[in-house]
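# Descriptive structure summary
Each chain, letter by letter, is given below.
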Amino acid sequence: MLDVVNVTGVVFVLIALGFFAVKISLFSERDLGVLIKYAVNFALPALLLRAFALRDFSEIVDGGYLVAYAAGSLISFTFFYLASRYLLKRSAGQATFRAVGTSSSNSGFVGYPIVLVLLPEVADRALALNMMVENILILPLTLLLAERATNAEIGGLPLARKIAGRLLGNPMIVAIFVGLAISIAGIPLPRLISGPIDLLASSSAAVSLVVIGGTLAGLSLNTFNFDVFMVTVGKLVIHPLAVFAMVALFAGLGFGIANGELATAAIIYAALPPMSIYPILAARYGFQHVAAPALFLSTCASFFTLSILIWFLMGGA
């Protein structure tokens, strides 16, 4: 267990470094904004480009992973949307952001550094597969429901254009599609291009962790109410259980994840706190009051839940 804590501890020490750097004004909000722009516009897209473009397409895509992770994420999303909407009587917008908080992981900022240490052989590939599910399935679904909840008068083609515009403006989504195109076409990248991509990608882990810590320090936290605890438990417990169940189910049906380490990575990624843009995305629609404290609480709690899960997945050694 100590070995596991040494891995997760390194990650959360860097998160704490970012948190206190902002709290003691070593970094201002403006400084943090620059780091966020660097991570979102350069480091993480480069990481995705490296994961896709520098590999053959057949070495990247794993149908079992995509289906199991997508199914588990949709189960968590649907369950918490319906529970929020019809059991707790929340509005459609509130239900949407309760649901996305329990089904989208902080894969790039928190998950990748952990999986890179634990399972370096599959870290890039697992991140690429995760990002495909989150950015091509969960994020568009969230935007669709959020726009319908807050702009009921918009529908059809105008709504599709609005969502497509937001998605295509995301550098990580652009990196996914460009990387996939290069991989499918089998175009070898010259060292002059692959070298800078590799250097930028290698910088993503440390910068991303400091960024998430600084982001937590700048969150405006409200009362930790029932909805906050619901999102936290849903993300750290229900989402990984749903993905675990889908991995086992599809394996039993003969459509499992071929690589055992890749299957382990899928469950670890599902057990992460929500994506770092969760409060920002919710704030665009006026629903940040649960998202901000839920991100803070789930990130803090994940040190313990992730450590226990990793210890279990690694055989309790």
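Going by the structure above, here's the rest.
One structure accompanies this document, and this report is about it. (Residues numbered from 1 in each chain as written. Predicted model: local features only at pLDDT ≥ 70, side-chain atom pairs only at ≥ 80, totals over all residues. Heavy atoms only, no water.)

## Some points on the overall build of the chain
When you go through the chain residue by residue, the secondary structure sums to 15 helices and zero strands. For 317 residues, the compact-globule formula gives about 20 Å, and the C-alpha radius of gyration of the chain, at 19 Å, lands near that figure. By principal-axis analysis of the C-alpha atoms, the chain measures approximately 50 × 50 × 40 Å. Scored against the burial criterion, the 317 residues of the chain give a buried share of 53%. At a minimum sequence separation of 6, the contacts of the chain that also span at least 24 residues come to 86%. Just so you have it, the chain exposes about 13700 Å², and 70% of that area is on carbon and sulfur atoms. Computed over 17 positive and 14 negative side-chain charges, the separation of the two mean positions in the chain equals 13 Å. (Helix = DSSP H or I, 4+ residues; strand = E, 2+ residues; numbered from the N terminus. Rg over C-alpha atoms; globule rule 2.2 N^0.38 Å. Buried < 20%, exposed > 50% of the residue type's maximum accessible area, 1.4 Å probe, protein only. Contact = heavy atoms within 4.5 Å. Areas by Shrake-Rupley, 256 points an atom, 1.4 Å probe, with all protein chains shown as cover. Lys, Arg positive; Asp, Glu negative; His and termini not counted. Charge placed at Lys NZ, Arg CZ, Asp CG, Glu CD.)

## Some points on the packing of aromatic side chains
The tally for this structure, following the rule as stated, stands at nine aromatic pairs. Measuring from centroid to centroid gives 6.3 Å for Phe19 and Phe296, while their planes differ by 50°, and the two rings are tilted. With Phe19 in helix 1 (residues 2-23) and Phe296 in helix 15 (residues 288-313), the pair connects residues that are 277 residues apart, well separated along the chain. Here a set of aromatic residues connected by ring pairs shows up, and it is made of Phe12, Phe303 and Phe304. (Phe/Tyr/Trp six-rings, centres within 6.5 Å; stacked < 30°, edge-to-face > 60°.)

## Considering the packing of helix 2 (residues 29-53) against helix 7 (residues 123-150)
Packing of helix 2 against helix 7 brings their axes to within 9 Å, and their N-to-C directions diverge by 105°. By the angle class used here, helix 2 and helix 7 are roughly perpendicular. Along its contact with helix 2, which presents Leu47, Leu48, Arg50, Ala51 and Phe52, the element helix 7 presents Asp124, Leu127, Ala128, Met131 and Met132. Partitioned by chemical class, the residues of the contact of helix 2 with helix 7 number eight nonpolar, no polar and two charged. (Axes fitted to C-alpha atoms, helices over the stretch in contact; angles between N-to-C directions. Parallel < 35°, antiparallel > 145°, perpendicular 65-115°, else oblique. Nonpolar A, V, L, I, M, F, W, Y, C, P; charged D, E, K, R; others polar.)

## Structural notes on the nonpolar core
Counting residues in hydrophobic clusters, the biggest one holds 72 residues, and the most contacted among them are Ile15, Leu48, Phe52, Tyr65, Tyr69, Val110 and Tyr269. Broken down by element, the residue count for this core peaks at 10 residues, all from helix 2. Residues within four places of Tyr269 in sequence aside, it is in contact with Tyr65, Tyr69, Ser105, Ser107, Gly111, Tyr112, Val115, Ala123, Ala126, Leu127, Asn130 and Lys235. Ranked by size, the runner-up nonpolar core spans 24 residues in total, among them Ile138, Leu143, Val231 and Leu281. (Core = buried A, V, L, I, M, F, W, Y, C linked by side-chain atoms within 4.5 Å.)

## Digging into the pattern of salt bridges
In the structure shown here, the tally under the stated rule is five salt bridges. Between Asp227 and Arg90 there is a salt bridge; the shortest N-O distance is 2.8 Å. Highlighted residues: Asp227 in helix 12 (residues 226-252) and Arg90 in the loop between helix 4 (63-87) and helix 5 (92-101), separated in sequence by 137 residues. With a relative accessible area of 24%, Arg90 lands in the partly exposed category. Of the charged contacts in the structure, one is a salt bridge between Asp227 and Arg98, with a shortest N-O distance of 2.8 Å. Of this pair, Asp227 sits in helix 12 while Arg98 sits in helix 5, and the two are 129 residues apart along the sequence. (Salt bridge = Lys/Arg side-chain N within 4 Å of Asp/Glu carboxyl O.)

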